[in-house]
Amino acid sequence: MQNFDKHAYRILLGLALGMLATGTVVYHFVEKFSWVDAYYFSVVTLATVGYGDLSPHTTFGKVFTTFYILAGVGIITTFVTYTMRRRASRYSERHTKREDPK
């Protein structure tokens, strides 16, 4: 079961990083954002913060952003949820072992 957990975690991590990288590259080349602004916009968008200081101006950028949000928010949410459950499980295992010595 732990191998599956590590495998699933790595897949989710790869997907999350892939989404951030994809958004960064697309916004850099399509919207002409600097690399830092493109990365920042990708993170703010997928974290559903949406400060509004940057926004896509091209038609392609706007359409891409709608699909990017729909796919990316799900991936990021799943990754964060999985990570928190995994940490909670490890925390619980450590405290159970301390309370129940053999």
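Residues numbered from 1 in each chain as written. Predicted model: local features only at pLDDT ≥ 70, side-chain atom pairs only at ≥ 80, totals over all residues. Heavy atoms only, no water.

Participant: Residues and numbers for the overall build of the protein, please.
Facilitator: A count of helical and extended segments in the protein gives three helices and zero strands. In the protein, the succession of α and β elements from N to C terminus is α-α-α. Taken over C-alpha atoms, the radius of gyration comes to 18 Å for the protein, far larger than the 13 Å a tight globule of 102 residues would show. Taken along its principal axes, the extent of the C-alpha atoms in the protein is 65 × 25 × 20 Å. Within the protein, the fraction of its 102 residues that count as buried is 30%. Working note: accessible area of the protein is about 7400 Å², and carbon and sulfur atoms make up 64% of it. (Helix = DSSP H or I, 4+ residues; strand = E, 2+ residues; numbered from the N terminus. Rg over C-alpha atoms; globule rule 2.2 N^0.38 Å. Buried < 20%, exposed > 50% of the residue type's maximum accessible area, 1.4 Å probe, protein only. Areas by Shrake-Rupley, 256 points an atom, 1.4 Å probe, with all protein chains shown as cover.)

Participant: So what's going on with a nonpolar patch on the surface? Which residues, and what values?
Facilitator: Side chains of Val25, Phe29 and Trp35 sit close together on the surface and give an oily, nonpolar patch of about 310 Å² of accessible area. Note that Val25 resides in helix α1 (residues 2-30). A relative accessible area of 38% places Val25 in the partly exposed class. (Patch = residues over 30% accessible without salt bridge, like charges linked within 9 Å, V, L, I, M, F, W, Y side chains within 5 Å. Salt bridge = Lys/Arg side-chain N within 4 Å of Asp/Glu carboxyl O.)

Participant: So, unusual backbone geometry: which residues are in play, and what are the values?
Facilitator: In this structure, Lys32 takes a positive phi of about 60° despite not being glycine. Mapped onto the elements of the fold, Lys32 is located in the loop between α1 and α2 (35-46). Under the relative-accessibility criterion, Lys32 is labelled exposed at 67%. Its identity as a non-glycine residue notwithstanding, Thr48 has a phi of 60°, on the positive side. Considering the arrangement of structural elements, one finds Thr48 in the loop between α2 and α3 (59-99).

Participant: Account for the environment of Tyr40, naming residues and giving values.
Facilitator: Within the element layout of this structure, Tyr40 appears in helix α2. Overall, Tyr40 belongs to the partly exposed group, its relative accessible area being 27%. Distance in space between the C-alpha atoms of Tyr40 and Thr24 is 8.1 Å, their sequence separation being 16 residues. Of the polar contacts made by the side chain of Tyr40, one reaches the side chain of Asp53; its length is 2.9 Å. (Polar contact = N/O pair within 3.5 Å; in protein donor to acceptor, adjacent residues only side chain to side chain.)

Participant: Which residues make up the packing of aromatic side chains, and what values do they have?
Facilitator: Under the counting rule described, the total for this entry stands at 10 aromatic pairs. Between Phe60 and Phe64 the ring centres are 6.3 Å apart and the planes differ by 15°, which places this aromatic pair in the stacked class. A residue pair is termed a helical-turn pair when its members lie 3 or 4 positions apart in one helix, as Phe60 and Phe64 do in helix α3 at four residues. Taking the relative accessible area as the measure of exposure, Phe60 reaches 52% and is therefore exposed. Looking at Phe64, the relative accessible area reads 15%, which means it is buried. An aromatic cluster is present here, built from Tyr27, Phe33, Phe41, Phe60, Phe64 and Tyr68 joined pairwise through their rings. One Lys or Arg, Arg86, reaches over the ring of Tyr9 and ends 4.5 Å from the middle of that ring. (Phe/Tyr/Trp six-rings, centres within 6.5 Å; stacked < 30°, edge-to-face > 60°. Lys NZ or Arg CZ within 6 Å of the ring centre and 35° of its normal.)

Purely spatial values, then, with no claim about function.
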